[in-house]
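# Residue-level structure breakdown
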Amino acid sequence: MFTMKVKSLIVVMAVVVSSCTTGSSESSMPNDNWKSFDETVVFEDEKVVQLPLDASTGFWHYSMSVDVIDGVDVLSFINPMNNAIYTYDLMNNSLMSKTLLDKQGPNAVGALNLATHKLVSLDSMFIFNLMHGVMYLSNSEGKLVKKSTLVNYKIDGVMGNPEPSLSSPMVLLGNKLYISCSIDQYEKSYRERKAVMTYDFLTDETAYVIDYPETYSQAYWGPVFKYIPSLDLGLDGESLVANFSVEPKIQKTNDRGELLSTHYEMPSYIDKIEPLDSDIKTAVRINHNVVNPEKKEYGLTNSDFNKIISDPYRGYYYRVAYIRPTLEEFRSGNTVIDFSISVLTEDFKKIGEKLFDGSIYRPSMIFSGKGGLYIGRTDLYSQNEDIMPFSLFKL
């Protein structure tokens, strides 16, 4: 089970069927939010932001985020090379702090090669070590305030492995952290499974919330990463929005993970999302502990929805979709992932869309902040490895 941690839906052309979930609702016609929409916002490349890097720091990190702390856009990330959390002030593009975290001893958080974090303030940061299944709370001096075991991977019957990442960051709402999960095993149906773990840091209680869309119980969707949702706060600050890789409908839930509504959105650059196998039982029959070239190629050549991002400063949601190379392109050596960003209003009406070149922009390094929408620049870093560059877009 633990080894899985090491890492069709055909577009509906009719009125969306009403949800059977009590109190939920769905958006109307798929075409409204697909290739036909009223474009009222455009991306304006305002400027390039360059952050200075030290000799031990690279461009991409497994855990990165932009949070507004005391009115300032603060970018933070975990650097596994020195087991530290870095914070940068994006107003003046300068390093604010570097918190070194112990691997051993009374304040140990372990090696952070596979770990994610959530910055609450400059002196309060949650760190989840995926290898340990443990959540740590540290201050800015690297001193542990508390630690809690969220999951024991050796115990059978775990609903799902918490697996937050750069594409699926932890979300803070009230006194709970919401953590995206991967599946611990393939099933014949996902109707009884939940996709998100909650951790109440006041009581240390955990629970599982948010249903998998019906799509996952209708076919086999390949690699585990296709089953991990992306979350963010709703623009009202009281709800959650959930994005699933193979599901065109965005879910909006309350803080208990109960479905409030679903909203169809499809990038203009994707015609349909098809499964690896239309028979879901195929996933149960095959041995996933051996290399499966077909599963790998499917995962890396079939476009999917990667991330949902809330922008409370402009009242938008951004939905990131990976526009992957075709199978023929992949086999000829093209592994570059282009991506699109759809702009949605608070009521999920699509009002903008842009396609980005994956050889220029880093598709996983996309963040919203008070200053705008930040997107990492792979091309500029390749020219100067002493900086971490972003394009800052105004909309």
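In what follows, the accompanying structure is described. This is a predicted model, so every value here is computed, not measured.

## As for the overall build of the protein chain
The helix and strand inventory of the protein chain stands at four helices and 25 strands. In summary, the protein chain has a C-alpha radius of gyration of 20 Å against a globular reference of 21 Å for 395 residues, a match within 12%. Projected onto its principal axes, the C-alpha coordinates of the protein chain cover approximately 55 × 50 × 45 Å. Of all 395 residues assigned to the protein chain, the portion counted as buried reaches 55%. Entry remark: accessible area of the protein chain is about 16900 Å², with carbon and sulfur atoms responsible for 50%. If the 37 positive side-chain charges of the protein chain are averaged to one point and the 50 negative ones to another, these points end up 4 Å apart.

## Brief notes about the nonpolar core
Residues Y178, Y186, Y190, Y212, Y216, W221 and Y227 are the most contacted members of the largest nonpolar core, which totals 34 residues. Elements with a contribution of two residues or more to this core: β11 (171-173), β13 (194-200), β14 (205-211), β16 (240-243) and β20 (316-323). Sequence-distant contacts of Y190, that is, excluding residues within four places in its chain, are made with I183, Q185, Y212, Y216, S217, Y227 and I280. Residues V66, L75, Y86 and L166 belong to the second largest nonpolar core, which totals 20 residues.

## Notes on the sheet that holds β20
If you trace the four strands from one edge of the open sheet to the other, you get β19-β20-β21-β22, paired in antiparallel fashion. Unpaired on one side and paired on the other, β19 (304-311) and β22 (350-356) mark the two borders of the sheet. Looking at each pair of strands side by side, their axes are set apart by 20° on average, direction ignored. Pairing of β20 with strand β21 (residues 338-344) involves seven bridges; the strand directions are antiparallel. The partner of Y317 across the bridge, within β21, is L344.

## Side note on the pairing of β14
Of the strand pairs in this sheet, β13 and β14 are connected by six bridges, and their pairing is antiparallel. From the neighbouring strand, M197 faces β14, where its bridge partner is Y208. Between the end of β13 and the start of β14, which pair antiparallel, lie four residues, with D204 showing a positive phi angle near 65°.

## So, the packing of aromatic side chains
Think of a pair of aromatic rings as described by two things: how far the centres are apart, and how the planes are tilted against each other in angle. A full pass over the atoms with the stated rule returns 22 aromatic pairs. Ring geometry for F126 versus F201: centroids 5.2 Å apart, planes at 40°, classification tilted. Linking F126 in strand β7 (residues 124-129) with F201 in the loop between β13 and β14, this pair joins segments that are 75 residues apart in sequence. An identical accessibility class is assigned to F126 and F201; each is buried. Among the aromatic residues, those joined into a ring-pair cluster are Y186, Y190, Y212, Y216, Y220, Y227 and F244. Across the ring face of F356, the terminal group of K354 is positioned such that the distance to the ring centre comes to 5.5 Å.

## Some remarks on the pairing of strand β17 (residues 249-253)
Burial analysis of β17 places four of its five residues in the buried class, which makes it a mostly covered element. Taking the residues between adjacent antiparallel strands as the criterion, β16 and β17 are bridged by five residues. Both β17 and strand β18 (residues 259-264) contribute to a ladder of five bridges, which runs antiparallel. Its bridge partner being in β18, I250 is matched across the sheet by H263.

## Side note on helix α2 (residues 293-301)
Of the positions making up α2, those classed as buried are K295, E297, Y298, G299 and T301. Elements in contact with the buried residues of α2: β19 and α3 (327-331). Two or three places before E294, at the opening of α2, N292 has a side-chain oxygen 3.1 Å from that residue's backbone nitrogen.

## A look at the environment of H117
Looking at where H117 falls in the secondary structure, it is placed in strand β6 (residues 115-121). A relative accessible area of 5% places H117 in the buried class. Taking the C-alpha atoms as reference, H117 lies 8.7 Å from N129; in sequence the two are 12 residues apart. Residues in contact with H117, not counting those within four places in the same chain, are S63, M64, S65, S76, F77, I78, I85, F126, I127 and M170. In terms of polar contacts, H117 uses its side chain to reach the side chain of S63, at 2.6 Å.

## Here we look at the pattern of salt bridges
This structure, assessed with the given rule, holds 20 salt bridges. Taking the shortest distance from any N to any O, the salt bridge between E187 and R193 comes out at 2.9 Å. As a salt-bridge pair, R191 and E214 come within 2.4 Å of each other at their nearest N and O atoms. One end of the pair, R191, is in the loop between β12 (176-182) and β13; the other, E214, is in the loop between β14 and β15 (230-233), and 23 residues separate them in sequence. Several salt bridges converge on common partners, so that one network encompasses E265, R319, K350 and E353.

Calculation rules
- Residues numbered from 1 in each chain as written.
- Predicted model: local features only at pLDDT ≥ 70, side-chain atom pairs only at ≥ 80, totals over all residues.
- Heavy atoms only, no water.
- Helix = DSSP H or I, 4+ residues; strand = E, 2+ residues; numbered from the N terminus.
- Rg over C-alpha atoms; globule rule 2.2 N^0.38 Å.
- Buried < 20%, exposed > 50% of the residue type's maximum accessible area, 1.4 Å probe, protein only.
- Areas by Shrake-Rupley, 256 points an atom, 1.4 Å probe, with all protein chains shown as cover.
- Lys, Arg positive; Asp, Glu negative; His and termini not counted.
- Charge placed at Lys NZ, Arg CZ, Asp CG, Glu CD.
- Core = buried A, V, L, I, M, F, W, Y, C linked by side-chain atoms within 4.5 Å.
- Contact = heavy atoms within 4.5 Å.
- Pairing = 2+ DSSP bridges.
- Axes fitted to C-alpha atoms, helices over the stretch in contact; angles between N-to-C directions.
- Phe/Tyr/Trp six-rings, centres within 6.5 Å; stacked < 30°, edge-to-face > 60°.
- Lys NZ or Arg CZ within 6 Å of the ring centre and 35° of its normal.
- Polar contact = N/O pair within 3.5 Å; in protein donor to acceptor, adjacent residues only side chain to side chain.
- Salt bridge = Lys/Arg side-chain N within 4 Å of Asp/Glu carboxyl O.

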